[in-house]
Amino acid sequence: MAANRARGQRAGLTRTAVLEAALRLVDQEGLNALSMRRLGAELGVEAMTVYHHVPNKSALLDGVIEQVVAEAVPPEFGAATWREDLSAYAHALVAALGAHPNAAPLLLSRPAMTPRLLGTLEAVVGMLYEAGFPLPRTLDVLYSLTSFVVGHSAAQAGNVGGADSMASLDPDTYPLLVGAARESGEDAARARFDFALDALLSGFERELASAPRTE
């Protein structure tokens, strides 16, 4: 085991390097290809060396989520208005998931609890609380926004409800669906995301306006 650790150190292996390699593997070959043995081979080390940086497969999957979310985290929450911060975060997260579509199911299936991710969540909750949202409502806002973004990304990855497929339907049988799809344009998915995000943020804004003020 000491020899394995030494090999990992000589290779300059770190937890970040392991997680970056894991995400690359998921991008290239899908989630089913990710294993400690396969990841070790990708890194040029024994599988046991990987365990020095992530203790098990569950921690590895959480780390993959961490890597994706890290691409969407702004330098500082609270630097702009809460609405601008959430909008920027949502757009960055959907872009990160678009770049890593094979990882989208992970965000739908497991509540990753790494220190880095929890730090991000703490920062978002703090920003919303400072803006005036009641503390329990901050989590409602956070989970609603994240669920929307991840769900949209998963649907895009699976081409669920794509305008192209609806535009090719029989117009005599489904005239309204076909007409709506064809009039939506080529960038319908982005426009639909922006529309839904704006509606969601507007709902949060109304909720904030009606929230009881605390001294």
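Residues numbered from 1 in each chain as written. Predicted model: local features only at pLDDT ≥ 70, side-chain atom pairs only at ≥ 80, totals over all residues. Heavy atoms only, no water.

Participant: I tried to follow the overall build of the chain on my own but got confused; where do I start?
Facilitator: Helix and strand counts for the chain come out as 12 helices and zero strands. N-terminal to C-terminal, the α/β element order of the chain is α-α-α-α-α-α-α-α-α-α-α-α. In terms of overall dimensions, the chain has a C-alpha envelope of 65 × 60 × 25 Å along the principal axes. In the chain, which comprises 215 residues, the proportion classed as buried is 36%. Expressed as a percentage of contacts within the chain between residues at least 6 apart in sequence, the contacts between residues at least 24 apart total 72%. Just so you have it, the chain exposes about 11900 Å², and 54% of that area is on carbon and sulfur atoms. Across the chain, 17 positive and 25 negative side-chain charges occur, with their mean positions spaced 11 Å apart. (Helix = DSSP H or I, 4+ residues; strand = E, 2+ residues; numbered from the N terminus. Buried < 20%, exposed > 50% of the residue type's maximum accessible area, 1.4 Å probe, protein only. Contact = heavy atoms within 4.5 Å. Areas by Shrake-Rupley, 256 points an atom, 1.4 Å probe, with all protein chains shown as cover. Lys, Arg positive; Asp, Glu negative; His and termini not counted. Charge placed at Lys NZ, Arg CZ, Asp CG, Glu CD.)

Participant: Can you help me understand the UniProt feature "domain: HTH tetR-type" (unreviewed entry) in the chain in this one?
Facilitator: When the UniProt feature table is mapped to this numbering, "domain: HTH tetR-type" (unreviewed entry) covers residues 12-72. Taken end to end, residues 12-72 is 67% helix and 0% strand, and its first and last C-alpha atoms sit 26 Å apart. (UniProt positions renumbered as here; feature names shortened; annotations may be inferred.)

Participant: Honestly, the environment of G126 in this entry has me stumped. Any pointers?
Facilitator: On the secondary structure map, G126 appears in helix α8 (residues 115-131). Distance from G126 to G63, taken between C-alpha atoms, is 23 Å for residues 63 residues apart in sequence.

Participant: Looking at this structure, I do not really get helix α9 (residues 135-157). What am I missing?
Facilitator: Turn by turn, an α-helix covers 3.6 residues, leaving residues three or four places apart pointing in a common direction. Given a rise of 1.5 Å per residue, 23 residues ought to cover 33 Å, and the 34 Å separating the end C-alpha atoms of α9 matches this to within 8%. Among the residues of α9, T138, V141, L142, L145, V149, V150, H152 and S153 are the ones counted as buried. Buried-residue contacts for α9 involve α6 (82-99), α7 (104-109), α8 and α12 (188-210). (Expected span 1.5 Å × (residues − 1).)

Participant: What is the right way to look at the packing of aromatic side chains in this model?
Facilitator: The relative placement of two aromatic rings is captured by the distance of their centres and the angle of their planes. Considering all chains together, one arrives at three aromatic pairs under this definition. Geometrically, the ring pair formed by F77 and Y89 is edge-to-face, given 5.8 Å between the ring centres and 80° between the ring planes. In this pair, F77 sits in the loop between α5 (57-70) and α6 while Y89 sits in helix α6, placing the two residues 12 residues apart along the sequence. As far as the burial class goes, F77 and Y89 line up, both buried. (Phe/Tyr/Trp six-rings, centres within 6.5 Å; stacked < 30°, edge-to-face > 60°.)

Participant: Sorry if this is basic, but what is going on with the UniProt feature "DNA-binding region" (unreviewed entry) in the chain here?
Facilitator: UniProt marks residues 35-54 with the feature "DNA-binding region" (unreviewed entry), using the numbering shown here. For residues 35-54, the helix share is 60%, the strand share is 0%, and the end-to-end C-alpha distance is 12 Å.

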